[in-house]
Each structure stands twice: as structure tokens, then as C-alpha cells.
Amino acid sequence: TLQNVVDSCLFEPGVWQPRPPTEPPEMVPDLSRESLSTPCGLLVNELVNAPKDMLESLVKMLDVVFDLDTGSFYGPSTPVILYVMRMVTRVCQYAGFVVRNFYWREAEAAA
């Protein structure tokens, strides 16, 4: 289903590496994909480097699904509303992780 595709893209951990590469790739696209590796996964990387874009998109999705609400749990839009709520909740858990562990970013900047 489309929900599985969105979940797979959003929560894909990607290639793991203790520290992100400091050198930009010589060729784009990088065939080794080493330049795409992160220490905590792609979603955490997005929340650290571009949280505004990610979170604004989620807020827009919430606005759209709340407009679909018919007031009945048995309405045709209920599965979509519940899916978006679950997805946003999962992303908020990742965002909480980033906030609780912000010192990683500070230690990296000081190095």
C-alpha cells in the first residue's frame, strides 16, 4: 500500500557510519553512497539539519487530514486520519530523541 511506501521512505535507516563524511563526494551521484551515511539514520539526520521543513510538512498533513474528519469513527477517511496520526507520533518520538541528545551536535561543532 501507499502507507507502506511512505513508512519505508521516512523511516529507512540508511547506511550507518560513526561520523558523517567531512569531504563532499567527487562525483554525484556518489556510487558508493558513503556520503549518505549517518550515525543515527536518515530521519534523525533530517531532524538535526532541516527540522523546520520536516515538521512543517507534518503539520500540513495533519491540517489536511483533520479537514477530512466527518465526526464518525466509521467514516471513510478514518484509516487515513489514523495513519497520519501514527506517522506523526513516530516522527515526534524521533524528534524527542534529537532534543534529548543535542549534545552530540555541540560536541561535533566544538571538534
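Residues numbered from 1 in each chain as written. Predicted model: local features only at pLDDT ≥ 70, side-chain atom pairs only at ≥ 80, totals over all residues. Heavy atoms only, no water.

**Notes on the overall build of the protein chain**
Of regular secondary structure, the protein chain possesses five helices and zero strands. In sequence order, the secondary structure elements of the protein chain are arranged as α-α-α-α-α. Here the protein chain has a C-alpha radius of gyration of 17 Å; the compact-globule value for 111 residues is 13 Å, and the former is much larger. Overall, the C-alpha framework of the protein chain stretches about 55 × 30 × 20 Å when taken along its three principal axes. In the protein chain, buried positions account for 23% of the 111 residues. Considering only residue pairs separated by 6 or more positions, the protein chain has 52% of its internal contacts joining residues 24 or more positions apart. Just so you have it, the protein chain exposes about 8,200 Å², and 63% of that area is on carbon and sulfur atoms. (Helix = DSSP H or I, 4+ residues; strand = E, 2+ residues; numbered from the N terminus. Rg over C-alpha atoms; globule rule 2.2 N^0.38 Å. Buried < 20%, exposed > 50% of the residue type's maximum accessible area, 1.4 Å probe, protein only. Contact = heavy atoms within 4.5 Å. Areas by Shrake-Rupley, 256 points an atom, 1.4 Å probe, with all protein chains shown as cover.)

**Overview of the environment of L42**
Relative to the elements of secondary structure, L42 occurs in helix α2 (residues 42-49). As for L42 and L10, which are separated by 32 residues in sequence, their C-alpha atoms are 8.1 Å apart.

**Concerning the nonpolar core**
Core analysis: the biggest nonpolar cluster contains 17 residues, and L10, F11, L43, L47, V84, M87 and V91 have the highest contact counts within it. Going through the elements one at a time, α2, α3 (51-67) and α4 (78-100) are the ones with two or more residues in this core. Top contributing element to this core by residue count: α4, with eight residues. (Core = buried A, V, L, I, M, F, W, Y, C linked by side-chain atoms within 4.5 Å.)

**Observations regarding α3**
Note on helix geometry: an α-helix contains 3.6 residues per turn, so any two residues three or four positions apart are oriented the same way. Compared with the 24 Å implied by 1.5 Å per residue over 17 residues, the 25 Å span of α3 between its first and last C-alpha is a close match. For α3, the full list of buried residues reads M54, L58, L62 and V65. Looking straight down α3, one finds that the buried residues subtend no more than 75° of arc, so they occupy a single side. In this structure, α3 carries K52, D53, K60, V64 and D67 as exposed residues pointing more than 90 degrees from its buried face. Contact partners of the buried residues in α3: α1 (2-10), α2 and α4. (Expected span 1.5 Å × (residues − 1). Arc of directions from axis to C-beta.)

None of this, on its own, says anything about what the molecule does.
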